[in-house]
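Commentary on secondary and tertiary structure
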Amino acid sequence: MAEAMWELVTKEDFDEFAIDTAYVLSDYDFTSNAAPSVEDVVCVTTGDISINHTKTTANHGDDVNGINGRFKELEYVESSETTVGFTSLTADAKTIAMALGCATINGSEITTRDELRDEDFKDVVIVGKKKGGGLVGAKLSNTFSTGGLAMTFSKNAKGNHAITLTAFKSIANPNEVPIKFYSTTAAVEAAAE
């Protein structure tokens, strides 16, 4: 006799699913739940947009005699890495300069540099929708292109370039992790209207 299946997934669970695409923006206020401004769109994208935040931990007991294994009381976060990756269809000077990391724009000419400037680090916001309304996304601070620029051109297709941005901490705020995640509800979205 077959065992009965449990029906534990609710409509509310489906409402929390992230759906469709997301936008790469220069700024957005998740408390407003308003439509993003066209002026804040960093570039038009295709394919997936991936946000990754990983922590590397180490153990204070690694070299201590009599300590075998890893114990939560001895673990500490050694470092973290925050990246966002996407493929841009936009080939304007600003987007190409962002993909290069450090570059100077002079009219239609983009010149790459080998020295970093404070203005090369930019904040980006990823905003996506949830099935039941509400939004999901993240704000990344001080991002800089660590993936370089590789432009692809194809016959009868759109040219594109993959962009990987890494978020960096600042010495001005050394304990601030350069990413904040957001998940709003449809109720908050309705209240903002």
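Before reading further, recall that the structure is shown in the block above.
Cut-offs used in this document
Residues numbered from 1 in each chain as written. Predicted model: local features only at pLDDT ≥ 70, side-chain atom pairs only at ≥ 80, totals over all residues. Heavy atoms only, no water. Helix = DSSP H or I, 4+ residues; strand = E, 2+ residues; numbered from the N terminus. Rg over C-alpha atoms; globule rule 2.2 N^0.38 Å. Buried < 20%, exposed > 50% of the residue type's maximum accessible area, 1.4 Å probe, protein only. Lys, Arg positive; Asp, Glu negative; His and termini not counted. Charge placed at Lys NZ, Arg CZ, Asp CG, Glu CD. Patch = residues over 30% accessible without salt bridge, like charges linked within 9 Å, V, L, I, M, F, W, Y side chains within 5 Å. Areas by Shrake-Rupley, 256 points an atom, 1.4 Å probe, with all protein chains shown as cover. Salt bridge = Lys/Arg side-chain N within 4 Å of Asp/Glu carboxyl O. Contact = heavy atoms within 4.5 Å. Core = buried A, V, L, I, M, F, W, Y, C linked by side-chain atoms within 4.5 Å. 1 Å grid on protein atoms, 1.4 Å probe; cavity = no way out; pocket = protein on both sides within 12 Å on 5 of 7 lines; lining within 4 Å. Points joined across faces, edges and corners; volume = space filled by probe spheres on them. Nonpolar A, V, L, I, M, F, W, Y, C, P; charged D, E, K, R; others polar. Phe/Tyr/Trp six-rings, centres within 6.5 Å; stacked < 30°, edge-to-face > 60°. Disulfide = S-S within 2.5 Å.

With that settled, consider the overall build of the chain. Summing up its helical and strand segments, the chain has three helices and ten strands in all. Element order for the chain, N to C, with α for helix and β for strand: α-β-β-β-α-β-β-β-β-β-β-β-α. By the compact-globule yardstick of 16 Å for 193 residues, the chain is too spread out, its C-alpha radius of gyration being 21 Å. Principal-axis analysis of the C-alpha atoms gives the chain an extent of 65 × 50 × 40 Å. For the chain, buried positions account for 27% of its 193 residues. On the chain, the mean spot of the 16 positive side-chain charges and the mean spot of the 29 negative ones are 3 Å from each other.

So, on to a nonpolar patch on the surface. A grouping of V9, F14, F17 and I19 is seen on the molecular surface, where their side chains present a nonpolar patch of about 350 Å² in accessible area. Along the chain, F14 falls in helix 1 (residues 11-15). The partly exposed category is assigned to F14, whose relative accessible area is 39%.

With that settled, the discussion passes to helix 2 (residues 93-100). Three or more residues of helix 2 are buried, namely T95, I96, A97, M98 and A99. Those residues of helix 2 that are buried are in contact with strand 3 (75-88), strand 4 (103-106), strand 5 (109-112), strand 7 (135-145), strand 8 (151-152) and strand 9 (160-167). Backbone geometry just after helix 2 places G101 at a positive phi near 95 degrees.

A word on the nonpolar core. Ranked by internal contacts, the top residues of the largest apolar core, which has 16 residues, are V84, F86, M98, I126, L140, I163 and L165. With three residues, strand 9 is the largest single contributor of residues to this core. Filtering out sequence-adjacent residues up to four positions away, L140 remains in contact with T82, T83, V84, K122, D123, V124, I126, A167, P178 and I179. Counting residues in each nonpolar core, the second largest holds six residues, with L25, Y28, V125 and L135 among its members.

Looking at the largest pocket, its volume works out to about 380 Å³. Around the largest pocket, the lining is made up of 25 residues, and of these K94, A97, M98, E119 and K122 lie nearest the centre. Sorting the residues of the lining of the largest pocket by element identifies helix 2, strand 4, strand 6 (122-130) and strand 7 as the ones contributing at least two each. Its residues assigned to classes, the lining of the second largest pocket comprises nine nonpolar, four polar and three charged.

Okay, the packing of aromatic side chains next. On inspection of all chains with the given rule, the structure shows five aromatic pairs. Ring centres of F14 and F17 lie 4.9 Å apart, and the angle between their planes is 45 degrees; on these two criteria the pair is classed as tilted. Each ring, one from Y28 and one from F30, has its centre 5.2 Å from the other, and the planes form 85 degrees; the classification is edge-to-face. Members of the aromatic cluster, each reached through a chain of ring pairs, are Y28, F30 and Y182.

Another point: the pattern of salt bridges. What the rule picks out here adds up to six salt bridges. The shortest N-O distance in the salt bridge between E75 and R70 comes to 2.8 Å. Of the charged contacts in the structure, one is a salt bridge between R113 and D120, with a shortest N-O distance of 2.8 Å. Both residues of the pair, R113 and D120, belong to the buried class.

Here the structure, examined in full by the defined rule, presents zero disulfides. You can see C102 has no disulfide; the closest cysteine sulfur is in C43, sitting 18 Å from it.

Remember that the coordinates give geometry; whether it matters functionally is a separate question.
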